[in-house]
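The primary structure of each chain is shown beneath.
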Amino acid sequence: MRKISILGSTGSIGRQALEVIEKLPEKFEIIALAAGGNTDLLNEQIKKFKPKYASAADLSKIEGAKPVTLEEICSNKENDIILVAVSGKIGLRPTITAIKNGIDIALANKETLVMAGDIVMPLAKEYGVNIIPVDSEHCAIHQCIKDISQVEKLIITASGGPFLKKSVEDMKNATVEQALAHPRWNMGKKITVDSATLMNKGLEVIEAHHLFDMDYDKIDVVVHPQSIVHSAIEYVDGSVIAQIGLPSMHIPIQYAITYPERFEGIKSKSFSFSEIARLDFEAPDWDKFKALSLAYEAGRAGGSATVCLNAANEEAVFEFLKGEIKLFDIINAVELMMEKHIVIKNPSLDEIFAIDEEIRLKTRELRRQ
C-alpha cells in the first residue's frame, strides 16, 4: 500500500483526492490529513479515513488523531508521497521539508514553483524526489513526455474563462458573481478569478518552465473553450502529442498519486469523439488578458519578479472578492507593483517570504492612495 498524507484535505483538490482514495482503498494508507480553519470537516474526514496524524490552524480542535504541524507531517518518512493541495505560500516550506526527507510530491500548489521554482526543482533533483503535477495542464504534459530532450515546445490550453466572448468593457464592469461563473471547471474562488483574467494560465506557464526546464519562448498558450485537450507537446520532428479527456480533476489527481501505475478508480464516462463533435482553438487576446503578458514578463525576468507577480495578484484578487476593487484593478495593481519592484536574481527562501510580505502590504496600500 502507498502511504500518503494530504495537505489541504478540506479544500476542493483535497476532497476530490479522498474520493479517489476511497475508490482505491487497497492501494492507500492515509498517514495524515491537514486543513486550515475548517476543523469540523477535518474531524469528519479523520473519523472516516482514520489517519494517525492531523494538522489544522488550531491544533486543539482536532479530534481522533494526533495533532501535529505541517512540518512534522512532511518530516515523517512513513510517507511515500504527500499531496500538497493547500493554497498560498503556506505550502512552500512543508514541500521543501518533504523533499529533504526524500518524500515524493504530488503538487497542486502553484505558489511553490511560482515563488521558488529555482530552489525547489534543483532540491528535488538533489534528493531524488519526484514532483508529479496535479494541475490538469501540467499533468497532461507529464503524460505526453517520454524524453524531454526531444521536446521542441509545450502547448498549454486555456478555456478562456467566463469573459472569452465578452468585451473589454464587459470585463471592466464585471461583478464578482460573473467572474466566478466559470463555464467548465468547479474550483475555489481565488483560482476561478485568476481563470477569468487568465492570470491562472500565466502562473501555469511559470510552473511549466520550472517543472519541465523549458524556456519561456518554447511555451505557448492556446485558448480551447471545450477543455477537452488538456495540453500538448510538440517534438523536434514536428509530431504533436496531446492528452485529452472530459473535464474532471479526479483524473489528474489519481494519476499524480498513483504514478507510475494506473488503476480504474474514479473514471468519467467513456470518452466519445463523436459526442464531442468539434474542438475549437484560438490565440489568446493579449490586450484583453494582459495578465498573461505580465506573467511571461515576470517569468523571463526571473528571480523575485515572479514573487512580486504572485503576491500582488493574490492580494488584489482578495480585494476584488470583497467588492473593494474592480476586476481590471487586479491587473493594474500587478503591473504597478512589477514596475516598482527591483528584482533580486537569486533570492534566498527568507528573502522570498520577506518580498512576498512587502508586496502584499504595498498592494493593499494602493486602495488607500
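You'll find the structure just up there.
Residues numbered from 1 in each chain as written. Predicted model: local features only at pLDDT ≥ 70, side-chain atom pairs only at ≥ 80, totals over all residues. Heavy atoms only, no water.

S.K.: In this structure, what is going on with the side chain of Asp135? I would like to understand it.
M.R.: Along the chain, Asp135 falls in the loop between β7 (131–133) and α6 (136–144). Looking at Asp135, the relative accessible area reads 13%, which means it is buried. Only 2.5 Å separates the side chain of Asp135 from the side chain of Lys110, close enough to count as a polar contact. (Helix = DSSP H or I, 4+ residues; strand = E, 2+ residues; numbered from the N terminus. Buried < 20%, exposed > 50% of the residue type's maximum accessible area, 1.4 Å probe, protein only. Polar contact = N/O pair within 3.5 Å; in protein donor to acceptor, adjacent residues only side chain to side chain.)

S.K.: Is there a simple way to explain the pairing of strand β11 (residues 240–244) in this structure?
M.R.: Remark: a regular strand shows side chains that alternate across the two faces of the sheet. Pairing geometry for strand β10 (residues 229–235) and β11, over 5 bridges, is antiparallel. Looking at the pairing, Val229 lines up with Ile244 of β11. The antiparallel hairpin formed by β10 and β11 contains 4 residues in its connecting segment, where Gly238 sits at a positive phi of about 95°. (Pairing = 2+ DSSP bridges.)

S.K.: Can you help me understand the sheet that holds strand β8 (residues 151–158) in this one?
M.R.: Across a sheet, paired strands are connected by hydrogen bonds in the backbone, their directions being either parallel or antiparallel. Judged by pairing direction, the sheet is mixed, and its 4 strands sit side by side in the order β9-β8-β10-β11 without closing on themselves. Edge positions in the sheet fall to β9 (219–223) and β11, since each of these pairs with one other strand and no more. Recorded for the sheet is a direction-independent mean angle of 20° between the axes of neighbouring strands. Judged from the 5 bridges that link them, β8 and β9 form a sheet pairing that is parallel. Bridge pairing links Ile155 to Asp220 in β9. With respect to the sheet, helix α10 (residues 199–212) is in contact with β8 and β9, its orientation differing from that of β8 by roughly 150°. (Axes fitted to C-alpha atoms, helices over the stretch in contact; angles between N-to-C directions. Contact = heavy atoms within 4.5 Å.)

S.K.: Is there a simple way to explain the environment of Lys77 in this structure?
M.R.: Relative to the elements of secondary structure, Lys77 occurs in the loop between α3 (70–75) and β5 (81–84). Here Lys77 falls in the exposed class, since its relative accessible area comes to 61%. A C-alpha to C-alpha distance of 7.7 Å links Lys77 and Gly102, two positions 25 residues apart in sequence. When neighbours within four sequence positions are excluded, Lys77 is seen to be in contact with Asn101 and Ile103.

S.K.: I'm lost on the packing of helix α9 (residues 189–197) against helix α14 (residues 305–321) in this one. Help?
M.R.: The angle between the axes and the distance between the axes are what describe a pair of packed helices. Two numbers describe how α9 lies on α14: the axes approach to 10 Å, and their chain directions differ by 100°. Relative to α14, α9 is oriented roughly perpendicular. Two secondary-structure elements touch here, α9 through Lys189, Lys190, Val193 and Asp194 and α14 through Asn313, Glu314, Val317, Phe318, Phe320 and Leu321. (Parallel < 35°, antiparallel > 145°, perpendicular 65-115°, else oblique.)

S.K.: Teacher, can you tell me more about the packing of aromatic side chains here?
M.R.: Given two aromatic rings, their pairing is described by the distance between the two centres and the angle made by the two planes. Applying the stated rule across the entire model yields 3 aromatic pairs. Taking 5.6 Å as the distance between ring centres and 55° as the angle between the ring planes, the aromatic pair formed by Tyr255 and Tyr259 counts as tilted. For Tyr255, a relative accessible area of 9% corresponds to the buried category. The partly exposed category is assigned to Tyr259, whose relative accessible area is 30%. Both rings, one in Trp286 and one in Tyr296, keep their centres 5.9 Å apart while their planes meet at 55°; by these two values the pair is tilted. Separated by 10 residues along the polypeptide, Trp286 in the loop between α12 (273–276) and α13 (290–301) and Tyr296 in helix α13 bring together distant segments of the chain. In this structure Trp286 comes out as partly exposed when scored by relative accessible area, which is 37%. (Phe/Tyr/Trp six-rings, centres within 6.5 Å; stacked < 30°, edge-to-face > 60°.)

S.K.: Where do I start with the environment of Ala208 in this structure?
M.R.: Inspection of the secondary structure assignment puts Ala208 in helix α10. When its relative accessible area of 0% is taken as the criterion, Ala208 is described as buried. Through-space distance from the C-alpha of Ala208 to that of Gly117 is 9.9 Å; in sequence the pair is 91 residues apart.

S.K.: Hey, could you run me through helix α1 (residues 12–23) in this one?
M.R.: Residue pairs spaced three or four apart in an α-helix point in one direction, given the helix's 3.6 residues per turn. Over its 12 residues, α1 extends 17 Å from the first C-alpha to the last, a length consistent with the 16 Å expected when each residue adds 1.5 Å. Among the residues making up α1, those that are buried are Ile13, Gly14, Gln16, Ala17, Leu18, Val20 and Ile21. The elements touched by buried residues of α1 are β1 (2–7), β2 (28–34), α2 (39–49), β5 and α11 (250–258). (Expected span 1.5 Å × (residues − 1).)

S.K.: In this structure, what is going on with the sheet that holds β1? I would like to understand it.
M.R.: Strands sit in the order β4-β3-β2-β1-β5-β6-β7 across an open sheet of 7 strands; the sheet is parallel. What marks the edges here is a single partner per strand, and that holds for β4 (66–67) and β7.

S.K.: So what exactly am I meant to see when it comes to the pattern of salt bridges here?
M.R.: Side-chain pairs of opposite charge can arise where the charged atoms are in close proximity. Applying the stated criterion to the full structure yields 23 salt bridges. Taking the shortest distance from any N to any O, the salt bridge between Lys110 and Glu204 comes out at 3.5 Å. Of this pair, Lys110 sits in helix α5 (residues 110–127) while Glu204 sits in helix α10, placing them 94 residues apart in sequence. The burial state of Lys110 is the same as that of Glu204; both residues are buried. The residue Lys290 makes a salt bridge to Glu335 at a minimum N-O spacing of 2.7 Å. One end of the pair, Lys290, is in helix α13; the other, Glu335, is in helix α15 (residues 327–340), and 45 residues separate them in sequence. Classification of Lys290 by relative accessible area gives partly exposed; the value is 35%. Taken together, the salt bridges that share partners define one network made up of Lys89, Glu314, Glu315, Asp356, Glu357, Arg360 and Arg364. (Salt bridge = Lys/Arg side-chain N within 4 Å of Asp/Glu carboxyl O.)

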